[in-house]
Amino acid sequence: MSDHENQEQFEGLLSRYEPVIGLEVHCQLKTESKLFCSCKTQFGALANQNTCPVCLGLPGVLPFLNHQVVDYAIRMAIAIGATVREKSVFARKQYFYPDLPKGYQITQYDLPYCENGHLALNSGRVIPIERIHMEEDAGKSIHGDNASYVDLNRAGIPLLEIVSAPALRSPLEAHEYLRKLRAIVRYLDISDGNMEEGSIRCDANVSIRRRGVKELGVRTEIKNLNSFKNVERAITYEIIRQADLLDSGTAVKQVTLLFDAASGRTQVMRSKEDSPDYRYFPDPDLGLVQIDQARLEAVRATLTELPVQKAKRFHEVFGLTDADALQLTDEKELALFFEDVLSRVSPIVPAKIVANWILTEYLREHNNRQWTWPATIVTPESFAQLLRALCEGTLSGKMAKMVFDEMASTGANASEIIKLRGLLQINDADEIRAVVAQVVREHADQVALYLTGKQKVFGFLVGQVLRLSQGRFNPGMVNDCLKEAIHESSAKN
Amino acid sequence: MAAIDPTTLKASELAAAVNRGELRAGSVADHYLNRVETLHPLFNCHIHWDKAEVRNELEKQIDAIEVARYAKKYLPLAGVPISIKDNIMVEGQIAACASRLLAPHRAAYDATVIQKLKAAGALLIGRTNMDEFAMGSSNENSAFGPVHNPWNRRHVAGGSSGGSAAAVAGSLVPLALGSDTGGSIRQPASFCGVYGLKPTYGRVSRYGLVAFGSSLDQIGPLARNVEDLALLYDVLAGPDGRDSTASQRVPLPTQLALPSGNLKGLRVATIREFMGEGLDSEVRKSLESALETMRQLGAETVEVSLPHLAASIPVYYILATAEASSNLARFDGVRYGARSQKPGLNLKEMYLQTRSEGFGREVKQRIMLGTYVLSAGYYDAYYNRAARMREVIKREMEGVFEKEGVHVLVSPTAPTTAFELGQKTQDSLSMYLSDVYTLAANLAGIPAMSQPMGKDSKGLPIGLQLMGPSFAEERLLQVAYQFERHQPPMGVPDLIPSQL
């Protein structure tokens, strides 16, 4: 079934069933070193280069808590308005796997450092976040033809696991929630938030219930969704699958699923009966994680503006619409680009125009050309030059768009292009009058027609003037001059 | 120089002689290497031992000691031979925990205590035999065969640090390192007639010690006298940035001599629950005479009751095995150790086969016990209850020191003297009971030591256990020092030839 067909079937079943979705999001923190040793965390090193006796799990080693991780974790807790536990506990989650060097993962279990946060969607719906805990990542298994290999560079990299309440009601909401989480970690500068590189990974818990029913249905868990699109696709597929089952009178089984992006389907990984007993217990190698009020305040003092606060300010101070403010703040770098450009053009260019140009022209090219942040092809200064020229009247809107296209394709500065192409708008009334006079002369019959009341002809005449000026005349002035010239000529007659 | 026989010197005297240049570290090394070589077949104290290899590895350290002497830098353990229990990492050396599974494993780094020993000028003479992964009380659970007691070869040396205790008792080395999770330093020290100290939990870094029960394990010294015990303890103790359970408190050097020269003002308490059933009558008599000696030295002796200590064996065997089952998960044949060579195994089979072949019976038994008590549905009934009970025991013991004004708790270290080899190997419970007096200090995290207080009618040593409040190692050592001066010396076991 194609995604499109899915979509149609999906709309139909929503009238009967209500989806209930919760997300568990794993977010890699970009601390300089790992959670329990001083190995580097940087991506792209040679296999097993970023390892030491501790993260290799050699006999006799001990973990030692990296306090930068705790500070990053506190930032996240504050950002979602959560409660921070004064004394939390690291626990061991035990299972055997070759990329898990100690035979257990150090994580937090019944006493996580953070609980009861929340995140608001654009619709105003508030999604409770049940808990966040700190844990170490496992390594990576690489399966070759005749052997399997283990790369432990990732082993011990700090993660935050962020667990939402089952409060999301559609795949779209799940997508939005995830995007907002990603925006927050990037605003906080605690994670790259890059799903493709795996710095954000997501598991989804999905169940459905008949509309009007209170009790939750049996849920399934979909593991390791590695893109925003796949989160949405997998959840949509799963809702349809569950609805089909219920419609045919079959019960949904509590299973763990894997999403296959190629086929767009979920496959059973294991049933509830096979679910492992992780034998959690407090890690005796690590004391309590103590976070007192003073530390909380110290971290709070380092926090910069969050997306919600920024959007509010954009709306209140710059008069942007809520929709524009939300879209601009969706990504940290986009918001910073806006603020940078605005600071360079204010007060000549109104904030609304800056926002419009960024959200339409700039974003289109940014997405089509797959630019990355920070902006280097069209720099804030170059973009500011363009908007200034537009608002000072030296470029018409049409010319500005032409200039921007060239900026995007060549990477040249706006002012250079304007100068090079001689594109400056002409506001010299005498020069315009001369061309207008010529047009009036050459099209005397059209002018006569206009004077009989055929309004449409005026547009034709303006077009002739602009054509002769190669689009450089100020269109407003052309209008005025043309009217003036026509009236003069009619008065003469 | 040939006039000085290094064997007759205390470690402190040996270090002084080497620092002064009266003895050369190289000749001390040769002297002790010869002793180890000659005496090894008698006791089986050392494992993975190759004289030429050890001598070769010592070259660098011998040079460093010479350099320090020219620079007039005093090294507290200059040229002092020491043997290291096989569960402590020494870079480049085999560290097998006396297990088949780890037999080919060479350590990639130095434990924190090993760095300290090297910096202090010690000579690492060899690795000592032990119960596999420190699980046992007789050193019979070793993949390398049992250790024999230097006082009687038919008897056990105790465990799990049996090789360390026997090596010190037989003067194969003046000092050794052991580890103590439930009595593994003190009980073999008691059986072999030497001094052994389990420091306060967190006093000595555990970094580089293969974990058995992480919340109970401590590395500690073994020696033939209190002065040497304190000398080694001072080198080992202190904070460590690689062990978050290590205390931040910086220790002061131990002052052994009490100004008064006696024990006046000291309140010594015996524990009623440790004087009952199971206590050998000769051991009891020996304790009574030790108490009399203490009274003569001016101490006040009282009896206290610690009723919750009755639970210490079940509590210990739940918590220690739970932690062990987790700590030993990493020995899976994936990255190091002896992976099963059976052909055609899939991943799960490789795990099962490697661990079935590699671990001994006692280790498997404890892993299974520990896995069970952490399992879903049993966690609260076992692990959680035991963890809460541990807190009760801890508070009860702290209360004796804080509220009842007791300075030192004393008891026999073990209910009996060294039993015969093979006597208890078929009976886990009776084996576990030989640690009945030592477990409490690990559960409470407090310091405890064993010192000789006599011999039984068979000529086997009897140990006296001293326990104090947290970080009161110095007090224990001071009391032991006074007591030692009023005890007849243990002498040298008859098995040790007088001329070597």
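This structure is a prediction, so every number in the text was calculated from the model and none was measured.

A. Local environment of the overall build of chain B. Counting secondary structure elements, chain B contains 15 helices and 13 strands. Its C-alpha radius of gyration of 22 Å places chain B within 12% of the 23 Å reference for a compact globule of 500 residues. With the C-alpha coordinates aligned to their principal axes, the bounding extent of chain B is approximately 65 × 55 × 45 Å. Within chain B, the fraction of its 500 residues that count as buried is 64%. If you take every contact in chain B between residues at least 6 apart in sequence, the share linking residues at least 24 apart comes to 75%. When the accessible surface of chain B is totalled, it reaches about 17800 Å², and 52% of it is carbon and sulfur.

B. Main features of the environment of D217 of chain B. Residues and elements named next belong to chain B. Looking at the element boundaries, D217 is found in the loop between β7 (195-198) and β8 (218-223). Along the chain, D217 and D180 lie 37 residues apart, while their C-alpha atoms are 5.6 Å from each other. Leaving out residues up to four positions away in the same chain, D217 has contacts with D180, T181, Y201, R206, L209, V210, A211 and F212. A polar contact of 2.6 Å, which involves the side chain of D217, links it to the side chain of T181.

C. Geometry of the domain arrangement of chain A. By domain assignment, chain A separates into domain 1 (3-299), domain 2 (305-420) and domain 3 (429-492). Placing a centre on the C-alpha atoms of domain 2 of chain A and another on those of domain 3 of chain A gives a separation of 35 Å.

D. Structural detail: the nonpolar core. Counting 177 residues, the largest nonpolar core has L117, L177 and L409 of chain B as the members making the most contacts within it. What L409 of chain B contacts, discounting residues up to four positions off in sequence, is A269, I271, V304, L306, M397, V400, F401, Q465, L466 and M467 of chain B.

E. Spotlight on the interface of chain B and chain A. At the interface, 39 residues of chain B touch 30 residues of chain A. Of the roughly 2700 Å² buried between chain B and chain A, counting both surfaces, carbon and sulfur atoms make up 59%. Inspection of the chain B/chain A interface yields one salt bridge. With a closest N to O distance of 3.0 Å, R206 of chain B and D285 of chain A form a salt bridge. Viewed at the interface, chain A and chain B are joined by 20 residue pairs in polar contact (both at pLDDT 80 or more). With five residues, the top contributor of residues to the side of chain B that touches chain A is helix α9 (residues 312-327) of chain B. Its residues placed into classes, the side of chain B that touches chain A shows 18 nonpolar, 12 polar and nine charged.

F. Representation of the packing of helix α7 (residues 226-236) of chain B against helix α15 (residues 473-485) of chain B in the model. All names here are of chain B. Between α7 and α15, the shortest axis-to-axis distance is 9 Å and the interhelical angle comes to 160°. The orientation of α7 relative to α15 falls into the category roughly antiparallel. The element α7 and its partner α15 pack so that their crossing is left-handed. Contacts from V226, L229, A230 and Y233 of α7 reach α15 at E473, L477, A480, Y481 and E484. When its residues are assigned to classes, the contact of α7 with α15 shows seven nonpolar, no polar and two charged.

G. Structural view of the sheet that holds strand β2 (residues 81-85) of chain B. Residues and elements named next belong to chain B. An order of β1-β3-β2-β6-β8-β7-β12-β13-β11-β9-β10 is seen for the 11 strands of this open sheet, with the pairing classed as mixed. What marks the edges here is a single partner per strand, and that holds for β1 (46-47) and β10 (300-304). Two strands pair when backbone bridges link them, and strand β12 (residues 448-455) and strand β13 (residues 461-467) are joined in this way by seven bridges, in the antiparallel orientation. Pairing of S450 across the sheet is with Q465, part of β13. Where helix α5 (residues 162-169) meets the sheet, its contacts fall on β1, β2, β3 (123-128), β6 (175-180) and β8, and the angle it forms with β6 comes to roughly 155°.

H. Looking closely at the pairing of strand β12 (residues 220-225) of chain A. Residues and elements named next belong to chain A. The pairing of strand β11 (residues 200-210) with β12 spans four bridges and is classified as antiparallel. Counterpart to N205 in the pairing with β12 is E221. Summarising the sheet, β12 and strand β13 (residues 255-260) pair through three bridges and their orientation is parallel. By the bridge assignment, E221 is partnered in β13 with T256. Between β12 and its parallel partner β13, the chain crosses via helix α5 (residues 228-247), and the hand of that crossover is left-handed.

I. Broad picture of the packing of aromatic side chains. Applying the stated rule across the entire model yields 30 aromatic pairs over all chains. Judged by centre distance (4.9 Å) and plane angle (85°), the ring pair of Y316 of chain B and Y317 of chain B falls under edge-to-face. Y317 of chain B shares its class with Y316 of chain B; the two are buried. In textbook terms, an aromatic cluster arises when at least three aromatic residues are bridged by ring pairs, as seen for F337, W357, Y362, W371, W373, F383 and F404 of chain A. Residue placement shows R249 of chain B over the ring face of F471 of chain B; its charged tip is 4.2 Å from the ring centre.

J. Highlighting the pairing of β3 of chain B. All names here are of chain B. The buried fraction of β3 is high, at six of six residues. By the bridge criterion, five bridges tie β2 to β3 in an arrangement that is parallel. By the bridge assignment, I84 is partnered in β3 with R127. Of the crossover connections in this fold, the one passing from β2 over helix α4 (residues 112-119) to the parallel β3 is right-handed.

K. Structural view of α7 of chain B. Residues and elements named next belong to chain B. For α7, the buried fraction is high: nine of the 11 residues fall into the buried class. One side-chain oxygen at the N-terminal end of α7 lies 3.2 Å from the backbone nitrogen of E227; it belongs to N225. Downstream of α7 by one or two residues, G238 has phi in the positive range, about 135°.

L. Expanded view of the pattern of salt bridges. Applying the stated criterion across every chain yields a total of 49 salt bridges over all chains. The closest approach of N and O atoms between D71 of chain A and R295 of chain A, which form a salt bridge, is 3.1 Å. Here D71 of chain A is found in helix α3 (residues 67-79), whereas its partner R295 of chain A is found in helix α6 (residues 293-302), with 224 residues between them in sequence. For R267 of chain B, the salt bridge identified is with E300 of chain B, shortest N-O distance 3.1 Å. One end of the pair, R267 of chain B, is in strand β9 (residues 267-271); the other, E300 of chain B, is in strand β10, with 33 residues separating them in the sequence. Exposure remark for E300 of chain B: the relative accessible area of 39% places this residue in the partly exposed category. Each of the salt bridges in this network shares a partner with another, and the network as a whole consists of R92, D283 and D285 of chain A together with R206 of chain B.

M. Here's a closer look at unusual backbone geometry. Here the residue pair S346 of chain A and P347 of chain A is connected by a cis peptide bond, since its omega of 5° sits within 30 degrees of zero. As for its placement among the helices and strands, P347 of chain A is situated in the loop between α9 (332-345) and α10 (351-368). Here the residue pair W373 of chain A and P374 of chain A is connected by a cis peptide bond, since its omega of -5° sits within 30 degrees of zero. Inspection of the secondary structure puts P374 of chain A in the loop between α10 and α11 (380-391). Backbone geometry at Q370 of chain A places phi at a positive 50°, although glycine is not the residue there. Its location among the elements puts Q370 of chain A in the loop between α10 and α11. Looking at Q370 of chain A, the relative accessible area reads 67%, which means it is exposed. The backbone phi angle of K72 of chain B is positive, close to 55°, even though this residue is not glycine. Structurally, the position occupied by K72 of chain B is in the loop between α3 (51-70) and β2. The exposed category is assigned to K72 of chain B, whose relative accessible area is 77%.

Conventions adopted
Residues numbered from 1 in each chain as written. Chains lettered and ligands numbered in written order. Predicted model: local features only at pLDDT ≥ 70, side-chain atom pairs only at ≥ 80, totals over all residues. Heavy atoms only, no water. Helix = DSSP H or I, 4+ residues; strand = E, 2+ residues; numbered from the N terminus. Rg over C-alpha atoms; globule rule 2.2 N^0.38 Å. Buried < 20%, exposed > 50% of the residue type's maximum accessible area, 1.4 Å probe, protein only. Contact = heavy atoms within 4.5 Å. Areas by Shrake-Rupley, 256 points an atom, 1.4 Å probe, with all protein chains shown as cover. Polar contact = N/O pair within 3.5 Å; in protein donor to acceptor, adjacent residues only side chain to side chain. Domains from an automatic or database assignment. Core = buried A, V, L, I, M, F, W, Y, C linked by side-chain atoms within 4.5 Å. Buried area = accessible area lost by both parts, 1.4 Å probe. Salt bridge = Lys/Arg side-chain N within 4 Å of Asp/Glu carboxyl O. Nonpolar A, V, L, I, M, F, W, Y, C, P; charged D, E, K, R; others polar. Axes fitted to C-alpha atoms, helices over the stretch in contact; angles between N-to-C directions. Parallel < 35°, antiparallel > 145°, perpendicular 65-115°, else oblique. Left-handed = near helix turned anticlockwise from the far one by under 90°. Pairing = 2+ DSSP bridges. Right-handed = clockwise from strand over helix to strand, strands pointing away. Phe/Tyr/Trp six-rings, centres within 6.5 Å; stacked < 30°, edge-to-face > 60°. Lys NZ or Arg CZ within 6 Å of the ring centre and 35° of its normal.

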